[in-house]
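Observations on chain architecture
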Amino acid sequence: MTDNQDMIRPGLEGVVAAETTLSSVDGEAGELVIAGYPVEELAPNATFEETAYLLWNGELPGGGELKSFAGMLASHRTVPAATLALLREAAANGVPAMDALRMAAGTLDLDGAAGGSEPAVRAAALAARFPTIVAAYWRLRNGGEPVGPRADLGHAANYLWMLRASEPSAAEARALETYLNTVVDHGLNASTFTARVIVSTGSDLVSAVAGAVGALKGPLHGGAPGPALDMVLEIGSEERAESYIRSKLARGERLMGFGHRVYKVRDPRADVLAAAAERLFGNGGDRDLYRLATKVEETALALLEEQKPGRRLQTNVEFYTALLLHGIGLPNDLFTPTFAVSRVVGWIAHAFEQERAGRLIRPQSVYVGPRGRQWKGTP
Ligand code: COA
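Parameters at a glance
Residues numbered from 1 in each chain as written. Predicted model: local features only at pLDDT ≥ 70, side-chain atom pairs only at ≥ 80, totals over all residues. Heavy atoms only, no water. Pairing = 2+ DSSP bridges. Helix = DSSP H or I, 4+ residues; strand = E, 2+ residues; numbered from the N terminus. Polar contact = N/O pair within 3.5 Å; in protein donor to acceptor, adjacent residues only side chain to side chain. Contact = heavy atoms within 4.5 Å. Core = buried A, V, L, I, M, F, W, Y, C linked by side-chain atoms within 4.5 Å. Buried < 20%, exposed > 50% of the residue type's maximum accessible area, 1.4 Å probe, protein only. Domains from an automatic or database assignment. Patch = residues over 30% accessible without salt bridge, like charges linked within 9 Å, V, L, I, M, F, W, Y side chains within 5 Å. Areas by Shrake-Rupley, 256 points an atom, 1.4 Å probe, with all protein chains shown as cover. Salt bridge = Lys/Arg side-chain N within 4 Å of Asp/Glu carboxyl O. Lys, Arg positive; Asp, Glu negative; His and termini not counted. Charge placed at Lys NZ, Arg CZ, Asp CG, Glu CD. Near = heavy atom within 4 Å.

Let's shift gears to the sheet that holds strand β1 (residues 23-26). Reading across the sheet, the 3 strands line up as β1-β2-β3 and stay open at both edges, with antiparallel pairing between neighbours. The open sheet has two edge strands with one neighbour each: β1 and β3 (37-38). Across 2 bridges, strand β2 (residues 31-34) lies against β3 in antiparallel orientation. When the bridges of β3 are listed, V33 appears paired with P38.

Let us now look at the side chain of T182. Note that T182 resides in helix α8 (residues 170-182). Of note is the side chain of T182, whose polar atom sits 2.6 Å from the backbone oxygen of T178. The contacts of T182, once residues within four sequence positions are left out, are L32, I34, V39, A43, R269, V272 and L273.

Right, let's talk about the pairing of β1 for a bit. Sheet topology places β1 next to β2; 4 bridges connect them, and they run antiparallel. Looking across to β2, one finds that V25 is bridged to L32. A loop of 4 residues connects β1 with β2, the two strands running antiparallel in sequence, and G30 in this loop sits at a positive phi of about 70°.

Core analysis: the biggest nonpolar cluster contains 120 residues, and F130, W347 and I348 have the highest contact counts within it. A domain split of this core shows at least three residues from each of domain 1 (23-217 + 333-357) and domain 2 (225-328). Once residues within four sequence positions are removed from consideration, W347 is found in contact with F130, S191, T192, A195, V209, A212, V213, L216 and A340.

Tracing the backbone through its elements, the reader meets L160 in helix α7 (residues 155-164). Judged by relative accessible area, which is 0%, L160 ranks as buried. C-alpha separation for the pair L160 and T178, spaced 18 residues apart in sequence, amounts to 14 Å. Contact partners of L160, with chain neighbours within four places excluded, come to A165, S166, P168, E172, A173, L176, I328 and L330.

On the surface, a cluster of negative charge is contributed by D26, E31, E40 and E41. With relative accessibility at 45%, the residue E31 sits in the partly exposed group.

Around the ligand sit 19 residues, and of these R254, L255, F258, R311 and N316 come closest. In the environment of the ligand, an oxygen atom lies 2.9 Å from a nitrogen or oxygen atom belonging to the backbone of G257. One of the side-chain N or O atoms of N316 is found 2.8 Å from an oxygen atom in the ligand. Isolated, the ligand exposes 870 Å² of accessible area, and the fraction of that covered by the protein chains is 75%.

In structure tokens, the structure reads:
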């Protein structure tokens, strides 16, 4: 054991590596502030275009600014032809949607927009094209043809249009917009940190978002909502909740949608999304599923407290993400890609902030391997 070992923070837990004006996560108070607005205030009210403008410019847009900003986003939705060709090949090979998104994201500087010299255009082109990639891939993977973007629809409504080839209801578009706003930024989470590390070396925005997609894909970060919904559907009825969760915990398995590295009280995003789900299901969706989910949540929290006392494991954002996105009609496999459709806006905002900070991110490690070996050649 060396002195330096006292300095190790496995998982960088508790380490502060950046100043940011983008979002504030208070895990003890259960508070999330996005560019000055409590998430409860911003998420159900703003359009996604307003949220993106806010994160990239620090202030909400004025009326004229919003119109031209939304127009710029809408005008950059079409992806390069080579990106579509790659998606066709990926679909033919049955590549998972997040891998297809990672591959396609890396092609987005094939034309002058995402790879150009104007930062605002680069940002708009990347954020505008993520939904196009996900929707086109989904349709190709399911034997269909991509549906082109519509410039007359907002960011969220257009995404649903490209997925389904039919216009979403206003309630569905609003529910999706609330989701996108809720998860757009969240402090120095793993994918955002990845994006900042990449930019800190002087690398480019396309590399940063492609790397961030890779980090988001893992089940401990963005990959949990699908399994969270599977759990609710497998439980199927309120009476089965306790026995099902008990045996899952007895097998040492984790309950997806619970626990968080930072939040030790209920994740405020869970409340925003639960309220959005309740509104959506009140509008004719699956109310029984909503009721079952709240019962599963209640049972899971009681059993986590019983089995893991003192760990303070609470509901996280993924639990109600699953319910809301399912209510909008998105299949499980699109949950994490849809998270990326939102979070890319946060990654870009952090990339700009990191560029301004201008400091290479380069932590250290403590060597614990052998020393003094002598070269004797390969036996
Ligand atoms: N279900 C059951 N037990 C859980 C748990 C969960 N969802 N999350 C944490 N725990 C337990 C761990 O087993 C550990 O118990 P132990 O000390 O007896 O071994 C303890 O709580 C602390 O867990 P740890 O892995 O140190 O916490 P972390 O800060 O590294 O983990 C997560 C945070 C998110 C990775 C973790 O809570 C998790 O895996 N959750 C499920 C996946 C999920 O919902 N991810 C989306 C996050 S937004």
